[in-house]
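Structural overview for review
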Amino acid sequence: MSAESNAVAPSTTLLIFAKAPIPGKVKTRLMPSLDAEQARDVHVALLERTLEIACRAFPATHVQLWAGLEPAHPTLEALTERHGIMHHAQPPGDLGQRMHTALAAQSGPALLIGSDCPVLTPMLLDRCAQALDDHDLVLLPAEDGGYGLIGGHRLPQRLFADIPWGGSEVAARTLARAKGLRLRVACPDTVWDVDTPHDLERWRALDATT
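Scope of this entry: the structure provided in the associated data block.

Scanning all chains against the criterion turns up two aromatic pairs. Seen in terms of ring centroids, Tyr147 and Trp165 are 6.5 Å apart; in terms of plane orientation they differ by 80 degrees. Their pairing is edge-to-face. Here Tyr147, found in strand β6 (residues 147-152), pairs with Trp165, found in the loop between β6 and α5 (170-180); they are 18 residues apart in sequence, far enough to count as distant. A relative accessible area of 15% means that Tyr147 is categorised as buried.

The structure is reproduced here in C-alpha cells:
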C-alpha cells in the first residue's frame with residue numbers, strides 16, 4: 001500500500017463538512033467576480049477534489065460527508081454513492097455545536113475538515129491522524145486565522161463554545177482554549193482555503209504546477 005492510498009489507520013474516521021451546492025448560498029465571497037452558478041461550480045469542484053483526496057487516504061467506510069443547507073441534494077447523494085461513503089445531515093446549532101456533535105458521534109479518533117482546502121493531501125491527513133497517537137488534539141491553522149482541520153479523541157464541548165466563527169481569531173481562540181483545558185496539541189502544518197477571487201487564482205496556479 002502506497003503512502004498516497006488509504007494511508008491512514010482504519011480506526012480513524014474523517015468527517016467532511018460541506019454545504020449543498022445551491023447557487024447564491026455557496027462561495028458567495030467569489031461574487032461578483034463570478035456569478036452564482038459559477039461560484040456553485042467552484043464549490044462542487046472543490047468538494048469533488050476533497051472527496052477524492054479523502055478516499056485516497058482513508059477506507060471509504062471511514063469517510064463521512066456531513067451536509068448542510070439541503071442534505072439530500074442530488075449532487076451530494078450522487079457523490080456519496082460514487083465514493084461509497086456515509087452521508088449525514090449536519091445537526092442543528094452554530095458551527096461549533098455542529099462540529100462537536102459530529103465528532104462526538106464517532107467511536108474512535110476522528111478528523112474533521114471542510115470542503116474548500118486544496119492543499120490537503122493524503123500524506124498530510126496521515127500526519128494528522130498519526131499525531132493523535134500522542135496528542136489529544138490536532139489542528140491545521142489556516143492563513144486567514146481559521147483552521148482547515150480539527151481532530152481528536154472525544155474532544156470537550158467547551159473547546160468549540162463561544163468562538164467567533166468566520167473571524168480571524170478562530171484558531172488562536174481554539175488553541176488558547178485547548179491550553180486552558182490542558183490538551184496536548186499538534187499543529188503539523190498551516191493551510192489555506194478558497195474564499196476569495198485571489199484564493200481561486202492561487203488554487204488554479206497550484207493545480208497548474210501539480
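Okay, the pairing of strand β3 (residues 86-89) next. Where a strand is regular, its side chains alternate between the two sheet faces. The pairing of strand β2 (residues 63-68) with β3 spans four bridges and is classified as parallel. Bridging across to β3, Leu65 finds its partner in His87.

Attention shifts here to the pattern of salt bridges. Counted by the stated rule, this structure contains 10 salt bridges. The shortest N-O distance in the salt bridge between Asp116 and Lys27 comes to 2.7 Å. Separated by 89 residues along the polypeptide, Asp116 in the loop between β4 (110-113) and α4 (122-131) and Lys27 in the loop between β1 (13-19) and α1 (36-57) bring together distant segments of the chain. Each of the two residues, Asp116 as well as Lys27, counts as buried. As a salt-bridge pair, Glu169 and Arg173 come within 3.3 Å of each other at their nearest N and O atoms. Glu169 gets classed as partly exposed once you look at its relative accessible area, which sits at 41%. What makes Arg173 partly exposed here is its relative accessible area of 38%. Taken together, the shared-partner salt bridges in this structure form one network comprising Lys27, Arg29, Asp116 and Asp195.

The subject of this paragraph is the packing of α1 against helix α2 (residues 74-83). In contact at an axis separation of 11 Å, α1 and α2 are set at 20 degrees when each is read in the N-to-C sense. The orientation of α1 relative to α2 falls into the category roughly parallel. Once α1 is placed against α2, the crossing between them reads as right-handed. Residues Val44, Leu47, Glu48, Leu51, Glu52 and Cys55 of α1 form the contact with α2, whose participating residues are Thr75, Leu76, Leu79, Arg82 and His83. When its residues are assigned to classes, the contact of α1 with α2 shows six nonpolar, two polar and three charged.

For the rest of this paragraph, the subject is the environment of Asp195. Along the chain, the position of Asp195 falls in the loop between β7 (185-186) and α6 (197-208). Note on Asp195: relative accessible area 16%, which makes it buried. Taking C-alpha positions, Asp195 is 9.5 Å from Cys117, a pair spaced 78 residues apart along the chain. In contact with Asp195, not counting residues within four places along its chain, are Lys27, Arg29, Leu30, Asp116 and Asp144.

About the thresholds
Residues numbered from 1 in each chain as written. Predicted model: local features only at pLDDT ≥ 70, side-chain atom pairs only at ≥ 80, totals over all residues. Heavy atoms only, no water. Phe/Tyr/Trp six-rings, centres within 6.5 Å; stacked < 30°, edge-to-face > 60°. Helix = DSSP H or I, 4+ residues; strand = E, 2+ residues; numbered from the N terminus. Buried < 20%, exposed > 50% of the residue type's maximum accessible area, 1.4 Å probe, protein only. Pairing = 2+ DSSP bridges. Salt bridge = Lys/Arg side-chain N within 4 Å of Asp/Glu carboxyl O. Axes fitted to C-alpha atoms, helices over the stretch in contact; angles between N-to-C directions. Parallel < 35°, antiparallel > 145°, perpendicular 65-115°, else oblique. Left-handed = near helix turned anticlockwise from the far one by under 90°. Contact = heavy atoms within 4.5 Å. Nonpolar A, V, L, I, M, F, W, Y, C, P; charged D, E, K, R; others polar.

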